[in-house]
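Residue-level structural notes
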Amino acid sequence: MALMTGEQYIESLRKLDTQVYLFGRKEPNWVDHPIIRPSINCVAMTYDLAQDPEHEDLMTATSNLTGRKVNRFAHLHMGPGDLIKKVKMQRLLGRKTASCFQRCVGMDAFNAVFSTTYECDKAHGTNYHENFKNFVIYVQDNDLTVDGAMTDPKGDRGKSQGQQADSDLFVRVVERRPDGIVVRGAKAHQTGSINSHEHLVMPTQAVAEGDADYAVSFAVPSDAPGLFMIYGRQASDTRKLEPGADIDLGNKRFGGQEALVVFDNVFVPNERIFMNGEYDFAGMLVERFAGYHRQSYGGCKVGVGDVIIGAAALAAEYNGASKASHVKDKLIEMTHLNETLYSCGIACSCEGYCTEAGNYQIDLLLANVCKQNVTRFPYEIVRLAEDIAGGLMVTMPSETDFKSDLKVPTPSDLTVGEWCGKFFAGIEGVTTENRMRILRFLENICLGSSAVGYRTESMHGAGSPQAQRIMIARQGDIDGKKQLAKDIAGIKD
Amino acid sequence: MNVGVKYCGGCRSGYGRKAEAARAEAAARAACEAAGRVSFSAAEKGGGYGALLVVCGCKARCADISQYGAGGRTVYIDHEGGHQEAAGALALLAKEEKKP
């Protein structure tokens, strides 16, 4: 099958019987729901750009499994060049959508599961790698979007999987049959889950011997019996329900999406199982997926950052402040922070290495440094953007007021819209509407629905800051560095 | 001469690559009048082109042209205004191709 267009992707979602709950009710037409649709448009962009000669060099690749042209989001990285192109592709999509485009989790899961199943088979004599290769070929040939589902609800963080009061707080195997397994539990914060054709499930953390039922990895269609999703709400999301909403949305066309994905006794056939009790490989899978995903943020958030920097510069221009030296300096600082993130994403890709399975893994230390920076720099970037934009970003009247033709009974006899237009004008030559548009864009990304993707996702997505610090401690080679100091200082003991 | 046009992925292009490529095509056509016809089409793998025009968003020139086969006759644009130089290089290649 040829690569899908964005429109074909959207139509393919309609053919699924995905069970979606939103605001306490089941949503049958979730594809066209105004709160959900912007996130679908974002994923559609990953399809449309792959069709565009101007972008296909990044957006597509040649499958090492079939030799066929595939979307890079379904590709296994076969060298540092692929890892670098992945980051560049993510920056491109961030620039085109100013949102989380959601398809990265699947790509990162493919690469982690591919190498881990190979090594697991070698150690345990299992057949997971062949199962997984067949799954990847199916995804590549049908150009599917896959949710790489890792994060369990986790309940009491002080307790392991098996110690929880509710055994469902981590996804586990509840029944083993000759033809497959039955799984139960949930995955939280699942980016793009509703928009995905398939779910590729992995353990959320290392698993001890006594908790082997929690060491499980598998793939199921998003409409598998027993699987349903509860949509995660975002700040100001109901603005999208306001009739005719446009400017007040900030980013009308694109957005991100997270949901709680529940597995209520879902059957998984044998050929879709990639880990089933091999607890000694759960940690490897988690570490590899997290590494790839921490690399990802050195691309996607940078692309979004590019748009924020542009918006801040426009806001300054419309305010008549673009020549102020402090504004110029703030734009320089935003650029410096943004490009530092990109540098980390590129660096951990350049230092990638070949796994036993043949695909390439990023440099774990540099990827964790990348993500650690991502937990901080976007916050500073939006702080500077708010500084440049000014308070009007959050005190402006609504779009409805700007468009209102209601006369205000005062001597001037102007409408509400005319009063707004008069007092919220900026420099000559720029309409008040355009000024409003750029300020609403900044509001949306700094503290509206898109802040989910740019701020809190930067903090907690791909692991919270402490998770990276643990990895940095493990990879940092402090003993080796102590020896360097001893050698130079002449310490011989 | 048949020229294949190949773009890099455009991750952070600082200029309009499509417009620059169009300007290069027009300038090359004008410059090649004496050297014979020159035609442009989107490059495809294994296309066997007389020359490849590679339009890159920056100096990194990271477009993968390994499978586009133009026998080393590759002309790059990597900045705004680069079309003039590219058109001149294409005209030279067209002239060489016309030689018996």
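Residues numbered from 1 in each chain as written. Chains lettered and ligands numbered in written order. Predicted model: local features only at pLDDT ≥ 70, side-chain atom pairs only at ≥ 80, totals over all residues.

1. Thoughts on the overall build of chain B
Secondary structure assignment for chain B yields 2 helices and 4 strands. Sequence-ordered secondary structure for chain B, helices as α and strands as β, is β-α-β-β-β-α. Along the first, second and third principal axes, the C-alpha atoms of chain B reach 40 × 25 × 20 Å. A buried classification covers 43% of the 100 residues belonging to chain B. Across chain B, every contact between residues at least 6 apart in sequence was considered, and the portion connecting residues at least 24 apart equals 68%. (Helix = DSSP H or I, 4+ residues; strand = E, 2+ residues; numbered from the N terminus. Buried ≥ 20, exposed ≤ 12 C-beta atoms within 10 Å, placed from the backbone. Contact = placed C-beta atoms within 7 Å.)

2. Concerning the overall build of chain A
Scanning chain A for helices and strands turns up 17 helices and 14 strands. Whereas a compact globule of 493 residues would reach a radius of gyration of roughly 23 Å, chain A reaches 24 Å, a difference of no more than 12%. Residues classed as buried in chain A amount to 52% of the 493 residues present. Across chain A, every contact between residues at least 6 apart in sequence was considered, and the portion connecting residues at least 24 apart equals 78%. (Rg over C-alpha atoms; globule rule 2.2 N^0.38 Å.)

3. Some points on the environment of Lys301(A)
Residue and element names in this part refer to chain A. Here Lys301 lies in helix α7 (residues 282-319). Among the residues examined, Lys301 registers 32 C-beta atoms within 10 Å and is labelled buried. Taking the C-alpha atoms as reference, Lys301 lies 9.7 Å from Glu457; in sequence the two are 156 residues apart. Excluding anything up to four places from it in sequence, Lys301 contacts Gly94, Leu341, Val374, Pro378, Tyr454 and Ser458.

4. Brief notes about helix α9 (residues 364-374) of chain A
Residues and elements named next belong to chain A. Counting buried residues along α9, 10 of its 11 residues qualify, which places the element largely inside the surrounding structure. By the burial criterion, the buried members of α9 are Leu364, Leu366, Ala367, Asn368, Val369, Cys370, Lys371, Gln372, Asn373 and Val374. Next to the buried residues of α9 lie α7, α8 (325-350), α10 (377-389), α15 (451-460) and α16 (465-475).

5. Regarding the interface of chain B and chain A
Opposite the 11 residues of chain B that make contact, chain A presents 11 residues. Of the residues in the side of chain B that touches chain A, the class split is 5 nonpolar, 2 polar and 4 charged. (Nonpolar A, V, L, I, M, F, W, Y, C, P; charged D, E, K, R; others polar.)

6. Observations concerning the sheet that holds strand β4 (residues 74-77) of chain B
All names here are of chain B. Strand order in the open sheet formed by 4 strands is β2-β1-β3-β4, and the pairing between neighbours is parallel. A strand with exactly one partner marks an edge of an open sheet, and here the two such strands are β2 (39-42) and β4. Averaged over all neighbouring strand pairs, the angle between strand axes comes to 25°, with direction disregarded. As paired strands, strand β1 (residues 2-7) and β2 are joined by 4 bridges and run parallel to one another. Bridge pairing in β2 places Asn2 opposite Ser39. With respect to the sheet, helix α2 (residues 83-98) is in contact with β1, β3 (51-55) and β4, its orientation differing from that of β4 by roughly 170°. (Pairing = 2+ DSSP bridges. Axes fitted to C-alpha atoms, helices over the stretch in contact; angles between N-to-C directions.)

7. Some thoughts on the sheet that holds strand β1 (residues 20-22) of chain A
Strands sit in the order β2-β1-β10-β11-β7-β6 (chain A) across an open sheet of 6 strands; the sheet is mixed. Here the strands that pair on one side only, and so sit at the sheet edges, are β2 (25-26) and β6 (172-177) of chain A.

8. Here we look at the environment of Val201(A)
Residues and elements named next belong to chain A. Checked against the element boundaries, Val201 lands in strand β8 (residues 198-201). On the basis of neighbour count, Val201 is assigned to the buried category, with 28 C-beta atoms found within 10 Å. Residues in contact with Val201, not counting those within four places in the same chain, are Ala149, Val171, Lys187, Ser217 and Phe218.

9. A look at the nonpolar core
For soluble globular proteins, the rule of thumb is that nonpolar side chains tend to be buried together. Counting residues in each nonpolar core, the largest one holds 143 residues, and the members touching the most others are Val113(A), Ala312(A), Ala315(A), Ala385(A) and Leu442(A). Among the elements that make up this core, the one with the highest residue count is α7(A) (19 residues). Leaving out residues up to four positions away in the same chain, Leu442(A) has contacts with Ala311(A), Ala312(A), Ala315(A), Ala385(A), Ala389(A) and Met393(A). One finds Ala63(B), Ala87(B), Leu93(B) and Ala94(B) within the second-largest nonpolar core, a separate group that totals 30 residues. (Core = buried A, V, L, I, M, F, W, Y, C linked by C-beta atoms within 7 Å.)

10. Some remarks on the packing of α10(A) against helix α14 (residues 432-447) of chain A
All names here are of chain A. Axis separation between α10 and α14 bottoms out at 10 Å; the angle between their running directions is 150°. Here α14 runs roughly antiparallel to α10, going by the angle between their axes. Between α10 and α14 lies a crossing whose hand is left-handed. Across from Val382, Ala385, Glu386 and Ala389 in α10, the residues of α14 making contact are Leu439, Leu442, Ile445 and Cys446. Of the residues in the contact of α10 with α14, the class split is 7 nonpolar, no polar and 1 charged. (Parallel < 35°, antiparallel > 145°, perpendicular 65-115°, else oblique. Left-handed = near helix turned anticlockwise from the far one by under 90°.)

11. Details of the confidence of the model for chain B
Reading predicted coordinates in detail is not appropriate for stretches of low pLDDT. Averaged over all residues, the pLDDT of chain B is 89; the fraction at 70 or higher stands at 96%. The ipTM assigned to the predicted complex is 0.88, against a pTM of 0.96. (pLDDT = per-residue confidence, 0-100.)

12. Here we look at the environment of Ser236(A)
Residues and elements named next belong to chain A. Relative to the helices and strands, Ser236 is located in the loop between β10 (227-231) and β11 (258-269). Considering only alpha carbons, one finds Ser236 and Ala74, 162 residues apart in sequence, at a separation of 33 Å. Not counting the four nearest positions on each side in its chain, Ser236 is found in contact with Gly448 and Ser449.

13. Focus on the pairing of β1(B)
Residue and element names in this part refer to chain B. The buried count for β1 comes to 5 of 6 residues, which makes it a mostly enclosed element. The sheet contact formed by β1 and β3 spans 5 bridges and is parallel. Residue pairing for β3: Gly4 is matched across the bridge by Leu52.

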